[in-house]
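Chain by chain, the residues:
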Amino acid sequence: MFLSQLNPGQRERAIAELAAEDFDVLVIGGGVTGVGAALDAASRGLKVALIESQDIAAGTSSRSSKLIHGGLRYLEQYDFRLVREALHERELLVSTLCPHLVKPVGFLFPLTEKFKERTYVGAGLALYDALRGFQRALPWHKHISQKQIHEIAPSLRPDLVTGAIKYFDAQVDDARHTLSVARTAARHGAIIATRVRAESLIREKKRVIGVKATDLVSGKSLSIKATVTVMCAGIWSDELHEKFELKAGYGVTMSKGVHIVLPGSAIQSNAGIILKTPVSVLFLIPWGDKWIVGTTDTPYTGERAEPFASREDVQYILDQANRVLTPPLKAQEIIGVYAGLRPLVANNKGSETTKLSREHTVDRPAPGFVSIAGGKYTTYRIMGKDVIDLAVNELHTLSPDSVTEKLPLVGADGYFALVQQVDRIANESGLEAATVTHLLNRYGSMISEILELIKNQPALSKALHKDLPYIKAEIYYAASHEGAQSVDDVISRRTRIAFEAANHGVDLAGDIAAIIAPVLGWSAKNRRESISAYEDLLHRETQALDQLRVAQEKVSS
Ligand SMILES: Cc1cc2nc3c(=O)[nH]c(=O)nc-3n(C[C@H](O)[C@H](O)[C@H](O)COP(=O)(O)OP(=O)(O)OC[C@H]3O[C@@H](n4cnc5c(N)ncnc54)[C@H](O)[C@@H]3O)c2cc1C
């Protein structure tokens, strides 16, 4: 049995194996599509490696709206097949693959008119519910009267909102889920190495037989040999096609989406809210004791690794939400902000190598090389299956079919039973019951590894900060089991302190560095460098928000 732990010792072994072994499949990209492909291939019994140039989920896969949904907007486009497929994935994720991570969430669709709108929206949501077939993990939609809506959501303007329809989708911590898929792939034998960048292709005549890469930690070059290379590079696809001198069958353009995070007190509602906007929809999504509100949809051509929110992005979100909210949201209330880039895929004219299925495209621009881009988070498993179905043709042997539909992620086994044992675990570990529930919702049955850490180092049971749910053991575990290699990895992706904590967690960076330093073998200098790298990133990321806050303060004073 392989281990699922990702840490410095595992990385060192992974780098050695990347250079020494011949793989069936090499995946480029550790977003949800890449780790989904690696898991699909490894669980078919193939010999798999995955390289990621930054951290797992550092690209789009940590910056989404974090919804696992069928996509109401596809109903308006009459794309019922797409909706049905995404709803099937939603059901699988909530009930079988990772119930500890993917949770149902209710949304209110506010109505501003009494009859026509209710009939139209009601019919749409009835169809949405019907398209999931006989699967029933989430409740059916229900109509909410004018009187009820103001009890359920006092923040919705009583002079405007005449009622609502409540429906259900699901939500997930995207970065944590992507990491869990990566760890599950590792458990099934995939070699995973972050901070390894693909630079060029190794070719034998016309066939691609691997990749030349750089280990960004040591600066050393690596030659990785694989029968088929699978590129899952999202918004980096065009850049890599050019670098690899491939004539690709599709192009990827980028669209920026921004979210803001607000304290729970900013919006009084016991369910999420969805609003139609002139260009798309705006979600007000409950996130623990906070709200995530977004998103925008604007063309983008800037730096891929660091998309930042502009002042206009944040103002747009506030304006759209404030159409229906009372009292209105203010810039000063915003705790966090993040921006992500959607990979929008379009087949090149006359392409003979691509197959545009659903929202994503698979391509085989050269023998021994296949790629995939587009799609959405919810359907990552299908994307992984589709690209590996194409990749196995290159192996010229019979390969088993995908089994990921029946393969729970690490932490899912026994989750429902553990939920019934919160009090027992709390008594035995000395943790609060609320902390045990928090841990179960992040690690599932892997909670045992956290409890083991606490047993050996009781100080790790303490809270990282009184206003946050995280305990110190989770920070340690991020480096010892979850492959975190920097303060940013821990603050931005293993936890979501970057947008959940006051001052974006910068005041906690020193404590976090101190906890992970022994695991990563850091000197005092390494600690300082990692802290200041996070501070620099934060400065660039939050400039626009700071300007907007200052401008609003001037107006209100
Ligand atoms: C604002 C926003 C909101 C969204 N909301 C939702 C939602 O609610 N629900 C939903 O279903 N979908 C949503 N999506 C879509 C979803 O987030 C994306 O489709 C998905 O995350 C894309 O994953 P990916 O793995 O294809 O790309 P990425 O996550 O970007 O992964 C690509 C990876 O490739 C790596 N890479 C690049 N170059 C190299 C190289 N040379 N060597 C090695 N690695 C390399 C990158 O570092 C990156 O980690 C949203 C998207 C956005 C932007």
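Residues numbered from 1 in each chain as written. Predicted model: local features only at pLDDT ≥ 70, side-chain atom pairs only at ≥ 80, totals over all residues. Heavy atoms only, no water.

Describing unusual backbone geometry
Cis peptide bonds are those with omega within 30 degrees of zero, and the linkage from Gly294 to Thr295 qualifies with 25°. Inspection of the secondary structure puts Thr295 in the loop between strand 14 (290-294) and strand 15 (298-300). Between Thr326 and Pro327 the backbone carries a cis peptide bond, its omega angle lying at -5°. Looking at the element boundaries, Pro327 is found in the loop between helix 9 (311-322) and strand 16 (336-347). Although it is not a glycine, Tyr78 sits at a positive phi angle of roughly 60°. Locating Tyr78 in the fold gives a position in the loop between helix 3 (72-76) and helix 4 (80-97). Its identity is not glycine, yet Asn503 carries a phi of approximately 60°, on the positive side. Relative to the assigned elements, Asn503 resides in the loop between helix 17 (497-500) and helix 18 (509-520). (Helix = DSSP H or I, 4+ residues; strand = E, 2+ residues; numbered from the N terminus.)

Topic: the site of the ligand
Neighbouring residues of the ligand: 36 residues in total, closest Thr33, Glu52, Ser61, Leu67 and Thr378. At 3.2 Å from an oxygen atom of the ligand is found a main-chain nitrogen or oxygen belonging to Val32. Within the contact set of the ligand, an oxygen atom lies 2.6 Å away from a side-chain nitrogen or oxygen of Glu52. Considered on its own, the ligand offers 1000 Å² of accessible surface; in the complex 96% of this is hidden by protein. (Near = heavy atom within 4 Å. Polar contact = N/O pair within 3.5 Å; in protein donor to acceptor, adjacent residues only side chain to side chain. Areas by Shrake-Rupley, 256 points an atom, 1.4 Å probe, with all protein chains shown as cover.)

Brief notes about the side chain of Gln171
Mapped onto the secondary structure, Gln171 falls in strand 6 (residues 163-171). The buried category is assigned to Gln171, whose relative accessible area is 16%. At 3.0 Å, the side chain of Gln171 and the backbone oxygen of Pro286 are in polar contact. When residues no more than four places from it in sequence are discounted, the contact partners of Gln171 are Lys66, Leu67, Ile68, Leu101, Val102, Lys103, Val105, Ile285, Pro286 and Trp287. (Buried < 20%, exposed > 50% of the residue type's maximum accessible area, 1.4 Å probe, protein only. Contact = heavy atoms within 4.5 Å.)

Quick notes on the packing of aromatic side chains
We describe a pair of aromatic rings using the distance from one ring centre to the other and the angle between the two ring planes. Overall, the coordinates contain ten aromatic pairs when judged by the stated rule. A ring pair is formed by Phe107 and Tyr167, whose centres lie 5.8 Å apart and whose planes are at 25°; its orientation type is stacked. Taken as a pair, Phe107 in strand 4 (residues 103-111) and Tyr167 in strand 6 lie far apart in primary sequence, 60 residues in all. The pair Phe107 / Tyr167 is uniform in exposure class, with both members buried. An aromatic cluster is built from Phe107, Tyr128, Tyr167 and Phe283, whose rings are joined through pairwise contacts. (Phe/Tyr/Trp six-rings, centres within 6.5 Å; stacked < 30°, edge-to-face > 60°.)

A short note on the UniProt feature "domain: Alpha-glycerophosphate oxidase C-terminal" (unreviewed entry) in the chain
The positions UniProt marks with the feature "domain: Alpha-glycerophosphate oxidase C-terminal" (unreviewed entry) are residues 402-526. Between the end C-alpha atoms of residues 402-526 there is a gap of 43 Å, over a span that is 56% helix and 0% strand. (UniProt positions renumbered as here; feature names shortened; annotations may be inferred.)

Regarding the domain arrangement of the chain
Splitting the chain by domain gives domain 1 (8-61 + 176-249 + 348-406), domain 2 (72-169 + 254-342) and domain 3 (415-549). The straight-line distance from the C-alpha centre of domain 2 to that of domain 3 is 28 Å. At the interface, 25 residues of domain 2 touch 21 residues of domain 3. In this assembly, domain 2 packs against domain 3 so that about 2000 Å² is buried in total across both faces, 63% of it on carbon and sulfur atoms. Three residues stand out in domain 2 for area buried against domain 3, namely His100, Phe308 and Arg311, and they jointly supply 27% of the buried area on that side. There are one salt bridge connecting domain 2 and domain 3. A salt bridge links Arg540 to Glu306; the nearest nitrogen and oxygen atoms lie 2.6 Å apart. Mapped by element, the contributors of at least two residues to the side of domain 2 that touches domain 3 are helix 4, strand 14, helix 9 and strand 16. (Domains from an automatic or database assignment. Buried area = accessible area lost by both parts, 1.4 Å probe. Salt bridge = Lys/Arg side-chain N within 4 Å of Asp/Glu carboxyl O.)

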